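Chains, contacts and geometry: an overview
Below, each chain spelled out in residue letters.
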Amino acid sequence: MYKLFMAFRYLRAHKIIYFSIAGVAVGIMTLVAVTSIMGGFSRDMKERIRGLQTDIIVSSYDANLWIVNPDSLCEALGKVEGVIAVAPRIEYEAWLGRAGTRRPVHILGIVPEQERRVSKLEAYFTRGRKRNFDFKSDSGEEPARPGIVVGIELHRDYFDSKVGLMTAMDRDTPIFCVKDFDEVGYFQSGMSEYDSTFVVMHLREAQDFLKLSSIPRANVIAVSVKDYETEGPRVRAGILEAIHKARPCARPEDHRSGRCGIYKTMTWEQVKRNLLAAVEVERGIMIIVLFLIVVVAAFNIAAIYTLVVRAKTRDIGILRALGATERGVTSVFLLSGGLCGVIGSIFGLALGLLFSYDVNEIEGFVRVVSREFNRLRLEGSGAFWAAVLLHLAWCAVVWNWLLFYKQRRSHPWVRMAAGLAAILAAVWASTGWLEGYHAFERFDPDLGGGFRWTLMAWTGGLWVLLVASWRLLDRWRRRPGWIFFGFAGSLFFGAFLLAATAALAIADAVTAMKPNSGWRGLELFDRRIYYLDRIPVYVDYGSLAIIVVLTLVISILFAVYPAIRAAAANPIEAIRDE
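Notes on the structure in this doc start here. Please read these numbers as outputs of a predicted model, since none were measured by experiment. (Residues numbered from 1 in each chain as written. Predicted model: local features only at pLDDT ≥ 70, side-chain atom pairs only at ≥ 80, totals over all residues. Heavy atoms only, no water.)

**Section: the pattern of salt bridges**
Under the criterion given, the structure shown has 11 salt bridges. Between Arg89 and Glu91 there is a salt bridge; the shortest N-O distance is 3.4 Å. For Arg89, a relative accessible area of 1% gives the class buried. A salt bridge links Arg375 to Glu372, with the shortest nitrogen-to-oxygen separation between them at 2.7 Å. (Salt bridge = Lys/Arg side-chain N within 4 Å of Asp/Glu carboxyl O. Buried < 20%, exposed > 50% of the residue type's maximum accessible area, 1.4 Å probe, protein only.)

This is the structure:
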C-alpha cells in the first residue's frame, strides 16, 4: 500500500505527467474508434457480398460448359445432409446498350421461387422499391418485352424502359445474341460491384437470350447450407460425392481441390477471397499504424519520468537513507508508470466506446448544425457574431483551465465570471438557428426557443458547479486525494473546450466555404458512396482487451529506464547535490 501511495504521489509530482496520460488516452481512443468502425465495415461488407453469393456455389469449370438439365442435379444436391435449398442460375457477361452506347454488365438468370431460399436478392428487390419478387411491373401487367431488374447505379445511368442486351457465345466462332428487354424495376444491394453491373432476369429468359432454350441449361447451382459456419466443409464434401455419384469423374483425387469433372464447388469466401483478404490486410495495417500512437505516448512516459527522477533526486536520496531498497524504489516508479497506462487506458476506452456508439449521432449533429448555421449566415450577420463569440469562449475556457493548475489565488472570480459570460453569450449566438429549425416547427414553433434557454441553463449550471467545487476543494490541493478532483476538473474543462472547438470548427468551415441555400451540410459519411443508412460499428471486446493489456505492458516497460536511474541514485550524493 505504501508503494502504491508513493506511486500516486510521483504521478502527480509534475503536471506534465498529465500529458503522458492524455497521450495514452488519445491513442487508445483512436484505436477503439477506428477498429470498431473498420470492424463494422468488414462485417457489413461480408454480409453484402454473401447476399448474392449464397453459401456454396457449384459451377462449370468454364463459362461455356453448360450444366444440362440442371433440375436433376439440383434434386440430387438437395438430398445432401445439411443442404436446405438449391437453385439453378445462369451467370454470363454481356453488353447493355441504349441510344448507341454500350456498357459491360453481368447477367443473372434466376427462378424467383427457388432463389428466395438461397440468397438475399428478394430483400434487395424490396430495398430498391420493387414490391414483387418477379419480372413484371408492380401493377401486375405483363411487359411488352421480357422484363429485367437492374442495379440502382445502372438504373441511374441507363434510365430507360427499353434497353438491349448483346453477348457473344463461343469464343472460337462467336455467335452474337441480341435482344430487347423492358426494365421493370431496380434493386439495391449496397455493393457497388452488384448495383452497377448486375442485370437480373428470369432463368427462362436468360436461356432464350443465350439461345439455350432447346435443352434447359445453367452454369451455376446455388446451395444454401443450414449451418455454414460449422458444417460448411462437410456439406461441401457431401456435394462433391453427390456430383460424383450422379456423373462420375475420371479423377476422384481432384475432389480435395473442389473439382469433379467439369464441375467445381467453392464457398462464397473462396469466390471473393481477394476482396476479403484486402479488407483484412487493410484492417491489420490500420491497427498496427494506430498502435504506434500508443508507442509514442510510451516514449513520452520514459522521457517525462526521467525528468521527474532528476527533479526528485533529493526525495529519492532521503528514501534511500531511511532504508528504502533499490528494488523498492524501482517498484515505485514501475507502479507509477503502470498507473499512467491504466488511467490513460480507462479514459481512452471510455471515450473510444462513447465515440463509437454515438458516431452516427455525431455525424448527424455536424450535418444538421452546419446546414442550419449556413441558413443563419445567409439571413444576416448573426453567424459572424456567433463565430466571434465562440472564439472568445474558447479563449476563456483555456484561460480558466490554466488558472485551475495554479496555487490558490485571492480573487479568481473575475476570470470565472468572465468565462461564464463568454460561454453563455457564445451559446446564445451560435444557437440562433434553433428558433427557425424546421424539425421543431412540425411539433411546436416555440420549442426551438425553449430548447435554446434550456441549453444555456445546463451549460451555465455546469460551469458554476465546476468553479464552486474548485474553490471549495482548493484548500486541500496538497493532499493526495486532490489528484482525483484534478482529473475530474480536467475532464470538465476538456468537455467545455471540446464543445467550443467543435462549434468553432463548424462555424469557421461554413464561413470559409460560403455554400448556397441548397447546401445539405457537412457530410462526414457520404451515403451515396457507401450505400449505407448508418456508419457501421462493431466493437470487438476481445481485441480491445488485448490492446489494453499491451498498452499496460508497454507503459511499464518504458518506465523501466527511469526506475533504474532512480534506484541507482547514491543517497549521500543525492542529498548533498540537492
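**A few points about helix α9 (residues 228–246)**
The largest bend in α9 is about 30 degrees, located at Arg234. All of the buried residues in α9 are Tyr228, Gly232, Val235, Arg236, Gly238, Ile239, Leu240, Ala242 and Ile243. (Bend = angle between axes of the 7 residues up to and from the residue. Helix = DSSP H or I, 4+ residues; strand = E, 2+ residues; numbered from the N terminus.)

**A look at the pairing of strand β1 (residues 56–60)**
A regular strand carries its side chains on alternate faces of the sheet. Within β1, 5 of the 5 residues are buried, leaving the element largely enclosed by the surrounding structure. Along β1, one buried face is formed by Ile56, Val58 and Ser60 and the opposite face, lined by Ile57 and Ser59, is buried too. Pairing between β1 and strand β10 (residues 220–225): 4 bridges, direction antiparallel. Bridging from a neighbouring strand, Ile56 pairs with Val223 of β10. Both β1 and strand β12 (residues 263–267) contribute to a ladder of 5 bridges, which runs antiparallel. The partner of Ile56 across the bridge, within β12, is Thr267. (Pairing = 2+ DSSP bridges.)

**Comments concerning helix α22 (residues 560–567)**
Buried within α22 are the following residues: Pro562, Ala563, Ala566 and Ala567. On an axial view of α22, the arc spanned by its buried residues comes to 135 degrees, and they lie on one face. (Arc of directions from axis to C-beta.)

**Describing the packing of helix α13 (residues 326–357) against helix α21 (residues 541–558)**
In the contact formed by α13 and α21, the axes pass within 8 Å of each other and the chain directions differ by 150 degrees. Judged by the inter-axis angle, α13 sits roughly antiparallel to α21. Between α13 and α21 lies a crossing whose hand is right-handed. On α21, the residues that touch Leu334, Gly337, Gly338, Gly341, Val342, Ser345, Leu349, Leu353 and Tyr357 of α13 are Tyr541, Leu544, Val548, Thr551, Leu552, Ser555 and Ile556. Across the contact of α13 with α21, the residue classes break down as 10 nonpolar, 6 polar and no charged. (Axes fitted to C-alpha atoms, helices over the stretch in contact; angles between N-to-C directions. Parallel < 35°, antiparallel > 145°, perpendicular 65-115°, else oblique. Left-handed = near helix turned anticlockwise from the far one by under 90°. Contact = heavy atoms within 4.5 Å. Nonpolar A, V, L, I, M, F, W, Y, C, P; charged D, E, K, R; others polar.)

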